[in-house]
Every structure is written in C-alpha cells, then in structure tokens.
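Below, each chain spelled out in residue letters.
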Amino acid sequence: MTETDAHLQQRVTAAAIAAGADAIGVASADPFGEVENTIRDRVADGLNGPLRFTYDDPAAASNPSATFPWATRLVALGRSYVPEAGPADPRGGRVARFATSDHYAPLLAIAGTVADELRAAGYRAEPIADDPRLVDRAVAVRAGIGWWGKNTMVLAPKVGPWMLLAAVATDAPLAPDEQMRRDCGTCDACLPACPTGALVAPGVLDARRCLATWLQSPGDLPLDLREAMGGRVYGCDDCLEACPPGSRLAAGDPEVTGSTDLIALLELSDEELLERHAHWYVPRREGRYLRRNLVVALANTGGAEAWAPMLELAGHPSALIRRHAAWGVGRLGERHGRQDTTSVLEALLDSEGVADVREALEDALGSAG
Ligand code: B12
Ligand code: SF4
Ligand code: SF4
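Not measured: the values here are computed from a predicted model.

K.L.:
Tell me about the site of ligand 2, residues and numbers included.
P.N.:
Around ligand 2 sit Cys194, Pro195, Thr196, Ala198, Leu199, Leu205, Cys210, Leu211, Cys236, Asp238 and Cys239, and that is every residue in its neighbourhood. Taken together, the residues that form the shell around ligand 2 break down as nine nonpolar, one polar and one charged.

K.L.:
Break down the site of ligand 1 for me, with residues and values.
P.N.:
Residues in close proximity to ligand 1 total 38 residues, the closest being Thr54, Asp136, Val154, Leu165 and Gly203. At 3.4 Å, a side-chain N or O of tyrosine 55 approaches an oxygen atom of ligand 1. Every element with two or more residues in the shell around ligand 1 is listed here: helix H2 (33-44), helix H3 (53-56), helix H6 (136-142), strand E7 (163-170), helix H8 (211-215) and helix H10 (238-241). Per element, the largest residue contribution to the shell around ligand 1 is four residues, and it comes from H2. Of the residues in the shell around ligand 1, the class split is 23 nonpolar, eight polar and seven charged.

K.L.:
A description of the packing of aromatic side chains should follow, citing residues and the corresponding values.
P.N.:
Counting across every chain of the model gives five aromatic pairs. Note on tyrosine 81 and tryptophan 162: the rings are 6.2 Å apart at their centroids and 70° apart in plane angle, and the pair reads as edge-to-face. Taken together, the positions of tyrosine 81 in the loop between strand E2 (73-80) and strand E3 (93-95) and tryptophan 162 in the loop between strand E6 (154-155) and E7 put the pair 81 residues apart, joining distant regions of the chain. Residue class for tyrosine 81 comes out buried when judged on its relative accessible area of 4%. Put simply, the rings of Phe98, Tyr234 and Trp280 pair up and form one aromatic cluster. In this structure, arginine 142 is placed above the aromatic ring of phenylalanine 32, and the distance from its NZ or CZ to the ring centre is 3.8 Å.

K.L.:
So, the nonpolar core: which residues are in play, and what are the values?
P.N.:
Judged by nonpolar contacts, the single largest core of 65 residues is most densely connected at Val75, Leu77, Val114, Leu118, Met163 and Val168. Here this core takes seven residues from E7, the largest share from any one element. With near-sequence residues (within four places) excluded, valine 114 lies in contact with Val12, Ala16, Val75, Leu77 and Val168. If you look at the next biggest cluster of nonpolar residues, it comprises 49 residues, including Leu268, Leu274, Trp307 and Leu313.

Rules of the game
Residues numbered from 1 in each chain as written. Chains lettered and ligands numbered in written order. Predicted model: local features only at pLDDT ≥ 70, side-chain atom pairs only at ≥ 80, totals over all residues. Heavy atoms only, no water. Near = heavy atom within 4 Å. Nonpolar A, V, L, I, M, F, W, Y, C, P; charged D, E, K, R; others polar. Polar contact = N/O pair within 3.5 Å; in protein donor to acceptor, adjacent residues only side chain to side chain. Helix = DSSP H or I, 4+ residues; strand = E, 2+ residues; numbered from the N terminus. Phe/Tyr/Trp six-rings, centres within 6.5 Å; stacked < 30°, edge-to-face > 60°. Buried < 20%, exposed > 50% of the residue type's maximum accessible area, 1.4 Å probe, protein only. Lys NZ or Arg CZ within 6 Å of the ring centre and 35° of its normal. Core = buried A, V, L, I, M, F, W, Y, C linked by side-chain atoms within 4.5 Å. Contact = heavy atoms within 4.5 Å.

Right, dumping it as structure tokens:
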C-alpha cells in the first residue's frame, strides 16, 4: 500500500472514532461464499420462518458486487448502544435496548462521515446498514471488529454483543484488517438463556422460535410462544443479557432498558403508536401489529388494573386485536384466579360474529374450563 493510502486509512479511522464509532475495520469486498451457503441451508431447513431480509436473495446479500459493482473494500463500523443499560423491570412492558431510541441514526451518521472522508479523497463510497442487500455480521467478522458468538451475534471486546453494525462500500485502496482470533471458548451461557430454545445449536438460530421474529412480523403471534413473550413489546435481549463479554454494560439506568407502560401505550391511537415508534420495523406500518404485541404483553404482566382495558380490547374493531384479547382475557383470568373468566368469555362469544375470533374465544374457554 502506498503512503497516501495509509494516510487515508488513518484519517478515515480517526474520523470514525471522532464521530462516535466503537469499532472500525476494513475487509475486502470479495463474496461471502460460505455465508451464502449457510443462509441457503437455513432457508432449506425452514429456519428463517416468516422472515425475508437476507433470506430472500442470499446470493445478492453475500456478494457485495451485486449492489456495489465498483467496490473493492468494505469499511465495517460498530457502535455500542447501551452505555448504561440494566435488567428490565419484569412487571412492565419491555423494549429491547437496540430499539429504545433510533440507535441506527447515530451509526448511519458515523458511516456518512466515513463516506464523506473517502469521497473527499476522490473515491466512491456508499454507507449501508441493516439492509437485506448485505450480511452486516459477516462484514464485521472479516474486518476484524468482532467474532461470531454462539448466540449468532458478533461480539466485540469491551461491548460484547451490544453493538450495531454498518458498512461503507468503497473503491479506495485501503488495507484489509486481520480477522480476530477469538471465540466463545467453553462458554455456552446464551443457549439455555433463550426462553424458547430458539438457539438450536451454537451459532444456529431457529427464527420460528425467536421472539424477536414474531414481534416484528405480520399475522397472529404463535399461541405456543405467547406466554414466553412475557412483557416484550419489541425485540428480545435475553441471549445478549446472558453473555459475559459486555456484561459490565448491563447495570444501571432503567431508562435505557426499555421498560414501558403498556396501558398508557394502549390508550394511544394507531397513528400515535406508529409516530412514537417511527424507528421500529412494523409490518406495512400498520399500528394494529404494535397493539397486538401490547395486548399479549399486558396479558402476561398486567395486574388487576389490566382487566378493564383487556375487556375493552376484546371489543376492538380489529379482528386481529379481538383474537389476541380473547387469549388475553383467558390468560389474565388464569393469572389472577378470576372466577368470572368463563362467563366473560361466554358473553364475548355470544356477541361475536367473526369466525376466527369465535375460534379464539372457544380456545380461551377451553383453556379456562
Ligand atoms: C434477519 C435478522 C434478524 C432475524 C434473524 C436473526 C439471525 N440470527 O439471523 C431476527 C428478527 C430474529 C433478528 C433478531 C435480532 N437482531 Co437482527 N438482523 C437480521 C439481519 C437483517 C440479517 C441477519 C442474517 O443475515 N441472518 C442470516 C443467518 C444465516 O446469519 P446468522 O444467524 O448471523 O448466522 C451466521 C453464524 O451462525 C455464522 N458463523 C459463521 N462462522 C461461525 C463460527 C462460529 C464459532 C459460530 C458460533 C457462528 C459462525 O454463520 C452464519 C452465516 O454467516 C441483520 C442485518 C443485516 N443486513 O445483516 C440484523 C442484525 C443481525 N440484527 C441485529 C440485532 C441487534 C438483533 C437483535 C439483538 C435485536 C433484538 N434485541 O431483538 C436480535 C438478536 C437475535 C439473535 N440472537 O440473532 C444486529 C446484530 C449486531 C451484532 N453485534 O451482531 C444486525 C447485524 C443489524 C445491524 N446492522 O446492526 N435479526
Ligand atoms: S432474541 Fe430472545 S428469543 Fe431470540 S434467540 Fe435470543 S433469547 Fe431467544
Ligand atoms: S453467552 Fe457465551 S457462548 Fe453465548 S455468545 Fe456470549 S460468550 Fe459466546
């Protein structure tokens, strides 16, 4: 590499750190052939569940030249997003820490700074993050900013899994970094920590059992996973919280843990819910999917004060919400040992005309009986 290249690399690194990056490294933009095969295997085994993202076109996601034909390098960037996180309040609603605010915005700003620096030196550069067209974790590992964890996260020194990833594709002649020689060793704490057994082997996630999957998917939440959802409204952090690297970050301020008041949120309109959570991935930006998550979280965690709002939700105009509230009435009734659960469900059934809501009410009655 010429001296000029080394200077550019130093400038880019300094600019990224000054802008708030916790990790930066450079990888070649060669195809990630093994990753493509792994994604294909996951899809063949059905492990992607309802998810699309990189599973839709594994060849493109694993081959940077499909999107950036001019790129020879990928600058990998990581930004830790929980400087002072702590265990969430198990009684309330929970939001995974990556989603407590738009943590991608500052990361994209860092990537923008890096791209500007490269462009100013006369090269092409384009930032990308959390996009179906590139496998971010594979870029980070090749660029040496972290290692594969058994929970499938890329872990980095000091911050462990608490880091979001971005990349900048470029044709600048930067020197690729070495991959990190590190792994989880004998630790396997994340595997039993998953409440649904979604980590079916080290580094293998069955998205059909992952709570984070369903909380951002359309349709009904799977019945067999609803109890395990607990108070989760968006995302899940259990396999990150179990992880010793970075655990020092997991102590402190409840604000950043994402504890949230479910009843107050349920009082908002769909539009207000979406506006308040503009940075969340909500299917087709339909507020009813957030409300659906809130109903299940309230049923799992609410106290006596949750009964009246749950009955109101059982009369909601959306059949999706009524189906979940039917389950919610049964679940709350069971948790609180309410004698009137059966009669309430029967009254709801009497006045319900939609077949699949009636089915949900009958299921709830079956469990209550
Ligand atoms: C689809 C997706 C999901 C799906 C599926 C997750 C998954 N594990 O694949 C769902 C919705 C479940 C999800 C959840 C979460 N996600 Co997500 N997600 C993505 C997305 C869009 C694509 C991931 C992908 O391609 N998966 C395909 C599979 C095959 O890849 P994989 O599971 O990583 O499998 C690899 C390893 O097994 C690996 N491997 C290779 N060699 C070795 C060696 C060893 C020893 C081991 C153990 C493994 C291993 O091989 C496989 C292929 O590379 C990326 C963004 C992007 N464009 O890359 C974000 C991304 C992976 N998600 C991210 C985050 C933050 C999360 C959550 C923490 C959010 C939350 N709190 O709810 C959870 C974590 C759940 C988990 N344990 O993964 C971050 C991860 C950052 C990091 N430090 O790793 C990413 C990179 C977004 C970003 N740009 O920051 N996510
Ligand atoms: S995010 Fe939650 S449900 Fe998904 S694998 Fe991790 S612990 Fe399991
Ligand atoms: S909990 Fe242990 S095994 Fe799992 S990712 Fe963290 S270090 Fe690796």
